[in-house]
Amino acid sequence: MEIIYTFANTFLSFIQSVRDLPWLSWLLRYLSIYQALSPVEWPASYDLKDGDTFDFIVVGAGSAGAIVASRLSEIYNWKVLLLEAGGNPPPASVLPSTFAILSHTEYDWNYKADLDNGTGQSHVAGSIYMSRGKMLGGCSSNNYEIYARGAPQDFDDWSKVAPGWDWNSVLYYYKKLENMTDHTVLEDPNSSYLYSTHGPVAISRPKQNQYFEKVDETVLASYEEMGLKRVLSTNGPEILGVSRPHVTFANGRRSSTAEAYLRPLRDRRNLLVTKYARVIKILIKTNRRKAYGVQVQLKTGQFINVFAKLEVIVSAGTIDTPKLLMLSGIGPKEILQKHNIKMVADLPVGKNLQDHNLTPLIFTGKKGFQTAIQNVLITAELDSYPVPIQTGFFRLNCSICSIAVGKPHIQIFNIHAGATVAPGVLFGCRTVTNYNKNYCYSFSKANVLHEIDVTSLVLLHPLSRGQVTIRSTNPFDDPIIELGYFRNKQDVMIAVEAVQFMMKFTETSYYKKVGGRLVKLDVDGCQGIPYNTYEYWYCYVISSATSILHPVGTCAMGRNGVVNERLKVHKIDGLRVVDASVMPLITSGNTNAPTMMIGEKAADMIKEDYKVFYG
């Protein structure tokens with residue numbers, strides 16, 4: 001089986017360059033399905049026993065946890081235990097194009113996040129689904145695979161509160177994790193220095209069928225007419241501009257951290273992975289304020305304690321890491337007292353929650369069933385992205401925007417769909433984003449006879465903050481997630497200005513020619529406000545807001561945060577946090593790449609602290 005898999009991977013790599021031939025496209029499709037459905041040799045689950053002792057215990061095998069555990073195990077005399085609450089990624093995770101069907105399954109924590117009263121009125125019960133990966137690889141195994149590193153200024157701002165996290169320092173770790181397979185950027189003399197081909201995570205921008213490429217060209221040309229520059233890559237030297245995105249897959253397989261880091265090390269004897277192992281408490285010697293192990297519930301239902309000689313590393317993510325810390329007595333005094341939890345350390349755990357909220361806009365394009373051909377071609381892109389997608393970053397010319405020069409205000413995503421997929425649009429609108437019936441019907445109706453562009457305007461640097469708290473002392477109760485969108489009204493004004501800018505889209509050559517229009521959606525709370533006025537769009541932005549699922553910051557780095565610049569928890573020895581929760585400020589773009597970078601950098605810092613180094 002391994003020989004067949006290796007051959008298939010090599011062959012897939014070769015035919016990427018000639019995939020426009022119809023018979024090769026279909027062969028590629030079937031090879032992708034074969035790879036995804038074939039048995040995969042993920043690491044075996046270690047039979048954990050009560051009282052087992054390790055040098056390091058890593059809680060969570062996600063975007064950062066899988067990396068830090070695998071890198072620490074490079075030191076042959078360190079015994080590393082990696083604990084994961086879920087199991088192996090399913091075929092729908094491995095196959096790049098089927099990510100959308102993983103929500104609300106056993107591979108998803110399936111959390112709900114709350115919006116403030118008066119915000120998100122077009123969502124059922126004022127909440128959204130906060131999908132989180134529950135499997136090896138965590139969110140890197142169920143996200144939408146966009147690879148975005150962020151703006152250099154993001155990290156220079158981090159370094160103001162956490163020295164050592166400036167752009168020049170983190171670029172080394174981006175290059176350490178990358179296996180860039182897109183030769184257009186590698187061969188460009190202005191950008192090649194930013195990329196690496198030697199890391200474990202495969203990054204690509206695969207060639208698509210001719211119809212998808214035509215759509216891409218139409219949309220990107222329209223953006224150029226609007227004044228947005230076309231760039232080679234939004235991960236390149238010029239972040240402001242538009243292009244097709246880079247993605248975390250190549251050769252027919254998603255390059256999650258499970259795929260890139262854990263599967264190749266499945267036989268490494270000092271890296272032990274226990275699946276379906278849910279950590280419910282960190283064990284801390286309160287007299288010394290030192291973490292020495294964790295309490296775990298195994299798949300059998302048994303509760304056991306396992307111990308760490310050196311450190312416990314919590315990589316459970318922005319939602320579950322603060323929950324675990326608070327249940328263990330580390331958190332805000334008022335929260336711990338409310339639940340009668342003995343306080344070990346009074347720290348702002350769960351505060352500073354930041355997320356990228358988005359404003360959706362729907363544009364119609366050409367009318368007619370002939371555009372439905374795109375929907376048929378999805379089956380030829382199973383090894384790739386299932387729809388044409390374009391992305392980019394831009395700044396607004398607004399006087400109230402206080403974001404530093406060098407950072408974009410808005411990230412744009414555009415997904416194009418041919419006519420007649422309205423039933424699928426309706427289903428996704430209800431089940432993935434939790435919009436209400438009226439909103440979703442008005443959305444899907446626009447697609448019955450017309451091709452549509454679903455444009456997401458992502459607010460990159462919100463001033464508003466939310467928080468994560470515990471619901472009770474029961475570790476199996478979901479946490480309370482307060483998103484806090486638009487608590488700062490400047491966020492609303494920036495989003496409204498972005499909407500007004502995007503109205504130019506229907507005035508571009510192609511969309512003007514085909515009679516394109518901005519669809520008026522049925523938005524609760526905005527009835528009676530004159531359409532297309534500033535007041536209407538102000539209401540629309542607040543009422544239609546949803547998440548692009550990038551929560552960060554709940555265990556932020558910094559003197560006044562939860563961890564220091566080496567990710568050690570303040571006031572507690574032997575305890576670190578290594579995941580997206582340590583970000584003091586959210587990055588410009590999708591957060592999976594920065595989280596993987598954090599895992600790589602953290603591993604080196606730990607080795608330095610113990611005066612060992614590898615590679």
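Just above sits the structure.
Note that residues are indexed from 1 along each chain, following the sequence as it is written. Under the rules for a predicted model, residues below a pLDDT of 70 receive no local features and side-chain atom pairs below 80 are neither given nor counted, while totals for whole chains, interfaces and linings still include all residues. Side-chain metrics in this entry use all non-hydrogen atoms of the structure; hydrogen atoms and water are not considered.

Explain the pairing of strand β18 (residues 357-367) to me, using residue names and the numbers behind them.
Counted residue by residue, β18 has nine buried out of eleven residues, so it is predominantly covered. Paired strands are those between which DSSP finds at least two bridges. The way it works is that DSSP assigns letters per residue, a run of H or I at least four long becomes a helix, a run of E at least two long becomes a strand, and they are numbered from the N terminus. Bridging between β18 and strand β24 (residues 546-547) involves two bridges; their strand directions are antiparallel. Directly across from Asn-357, in β24, lies its bridge partner Ser-547. Direction of pairing for β18 relative to strand β21 (residues 450-459): antiparallel, over a ladder of eight bridges. Note on exposure labels: buried denotes an accessible area under 20% of the residue type's maximum, exposed denotes more than 50%, and partly exposed covers the range between, all computed with a 1.4 Å probe on protein chains only.

Give a detailed account of the state of the cysteines, specifying residues and quantitative values.
Cysteine sulfurs are considered disulfide-paired once they come within 2.5 Å of each other. What the rule picks out here adds up to two disulfides. There is a disulfide in this structure between Cys-526 and Cys-539, and the S-S distance comes to 2.1 Å. Negative torsions about the S-S bond denote left-handed disulfides, and the value of about -100° found for Cys-526 with Cys-539 makes this one left-handed. You can see Cys-526 sitting in the loop between α16 (509-513) and α17 (534-544) and its partner Cys-539 sitting in helix α17, a full 13 residues away along the chain.

An account of the packing of helix α6 (residues 167-177) against helix α18 (residues 592-609) is needed here, citing residue identities and associated values.
Packed helices, taken two at a time, are described by the angle their axes make and the gap between the axes. Between α6 and α18, whose axes approach to 9 Å, the crossing angle comes to 100°. In terms of orientation, α6 lies roughly perpendicular with respect to α18. Contacts from Val-170, Tyr-172, Tyr-173, Tyr-174, Lys-176 and Leu-177 of α6 reach α18 at Ala-593, Pro-594, Met-596, Met-597, Glu-600, Lys-601 and Asp-604. The residue classification treats Ala, Val, Leu, Ile, Met, Phe, Trp, Tyr, Cys and Pro as nonpolar and Asp, Glu, Lys and Arg as charged. All others, Gly included, are polar. Per-class residue counts for the contact of α6 with α18 are nine nonpolar, no polar and four charged. Under this scheme, a helix contributes an axis fitted over its contacting stretch, all axes are lines through C-alpha atoms, and angles between N-to-C directions fall in the 0 to 180 degree range. Note on angle classes: values under 35 degrees are labelled roughly parallel, values over 145 roughly antiparallel, values of 65 to 115 roughly perpendicular, and the remainder oblique. Whether two residues touch is decided by their heavy atoms; if any such pair falls within 4.5 Å, the residues are in contact.

Please provide a residue-by-residue account of the nonpolar core, values included.
Counting 97 residues, the largest nonpolar core has Trp-165, Ile-330, Leu-567, Leu-575 and Met-597 as its most contacted members. At eight residues, the largest contribution of residues to this core is made by α18. Beyond its immediate chain neighbours, meaning those up to four positions away, Leu-567 contacts Trp-165, Met-557, Leu-575, Arg-576, Val-577, Val-578, Val-582, Ile-598, Ala-602 and Met-605. In terms of nonpolar packing, the next biggest core, distinct from the first, is built from 63 residues, Tyr-111, Ile-452, Val-496 and Val-523 among them. Think of a nonpolar core as a cluster: buried Ala, Val, Leu, Ile, Met, Phe, Trp, Tyr and Cys residues, connected wherever their side-chain atoms sit within 4.5 Å.

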